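For reference, the chains in residue letters:
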Amino acid sequence: IKLMIASISLICFNLLLFGSETTKNPRAIYGGKGEVLDETEIGTDAVDWELLSNKNGLNDQWKSVGQLSGKRALCTTTLIFPPQCGKSEKDISQQKAQILTNGHCTGGYSDDGNWPVKFNYFKDVKESSQITTHVKKLNYSTMKRFDIAIATLDLTYGELAQRGVHPRKISQQPATSELTSISIPTNGIERSDQFIRKSTCPTGGSASLMEGTYVWPEAFSIHCSVGKGSSGSSLFNDKGEIAGLVN
């Protein structure tokens, strides 16, 4: 299994798109030395990822990564700054917040839904302390060349900020170094451990990817561990900016 990354320019920002090589096995897991692991090991300590807790606010920066109960599956999503499209930055506290995920998580087409999104999704956080909001409007969704969606939530940026959830910036530079995957894989993992996980990996070589009837051009291989449920999760560069999107 490979993960792939493709450079695109969309909705006023540049983004890199990652995707799995096949839909038959949605898992791509690796050991500490970068070796490919059998899918049966996804729930073991052999996988090179870390199940995150947030004791004493240690991982507050990842509060902005949440679980989306989408149209077709559980996916991962990230709270993002609204695209400015060349406009000067302004106060966004009263604006409805926006999230970034995969198009296939929303059905692959524009269709407004009332899907729940849960932030502050760490293993050691009680369900009562998770921050739940809902998709109010699907702004954009596609699976043609790119698997990407942007949606508007029913809470404002200000309301989320009051609870410690802050948007992440989209990088304007291509990923050239180590990337950090923050995702919420589910299949093959005990329900008690289906929370935010962290995996790091270097950006690999370029390639083109065909997945069933879909074509993802200008891709790059990576070896961050992901599983079903990781779809839509962001890849972060060393500045903490979103440099890519797992498909």
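Scroll up for the structure.
Predicted, not measured: the structure shown is a model, and the values here were computed from it.

Our focus in this paragraph is the side chain of Thr 101. Here Thr 101 is to be found in strand 6 (residues 96–101). Given the relative accessible area of 2%, Thr 101 is considered buried. Here Thr 76 takes part through its backbone oxygen, which lies 3.0 Å from a polar atom of the side chain of Thr 101. Dropping the residues within four chain positions of it, Thr 101 is found in contact with Leu 68, Cys 75, Thr 76, Thr 77, Thr 106, Asp 147, Ile 148, Ala 149, Ser 231, Gly 232 and Leu 245.

Time to look at the pairing of strand 14 (residues 242–245). Relative to strand 14, strand 13 (residues 234–236) is paired through three bridges, and the arrangement is antiparallel. Its bridge partner lying in strand 14, Ser 234 is registered against Leu 245. Hairpin connection, strand 13 to strand 14: the antiparallel pair is bridged by five residues, and Gly 240 has positive phi, about 80°.

With that settled, consider the packing of aromatic side chains. Here the structure, examined in full by the defined rule, presents two aromatic pairs. With 4.8 Å between their ring centres and 55° between their planes, Trp 62 and Phe 236 make a pair best called tilted. One end of the pair, Trp 62, is in the loop between strand 3 (50–51) and strand 4 (65–69); the other, Phe 236, is in strand 13, and 174 residues separate them in sequence. Look at Tyr 121 and Phe 195: their rings are 5.1 Å apart centre to centre, the planes differ by 40°, and that puts the pair in the tilted class. Highlighted residues: Tyr 121 in the loop between strand 7 (116–119) and strand 8 (131–142) and Phe 195 in the loop between strand 10 (178–183) and strand 11 (197–211), separated in sequence by 74 residues. Neither residue differs from the other here; Tyr 121 and Phe 195 are each classed as buried.

Cut-offs applied
- Residues numbered from 1 in each chain as written.
- Predicted model: local features only at pLDDT ≥ 70, side-chain atom pairs only at ≥ 80, totals over all residues.
- Heavy atoms only, no water.
- Helix = DSSP H or I, 4+ residues; strand = E, 2+ residues; numbered from the N terminus.
- Buried < 20%, exposed > 50% of the residue type's maximum accessible area, 1.4 Å probe, protein only.
- Polar contact = N/O pair within 3.5 Å; in protein donor to acceptor, adjacent residues only side chain to side chain.
- Contact = heavy atoms within 4.5 Å.
- Pairing = 2+ DSSP bridges.
- Phe/Tyr/Trp six-rings, centres within 6.5 Å; stacked < 30°, edge-to-face > 60°.

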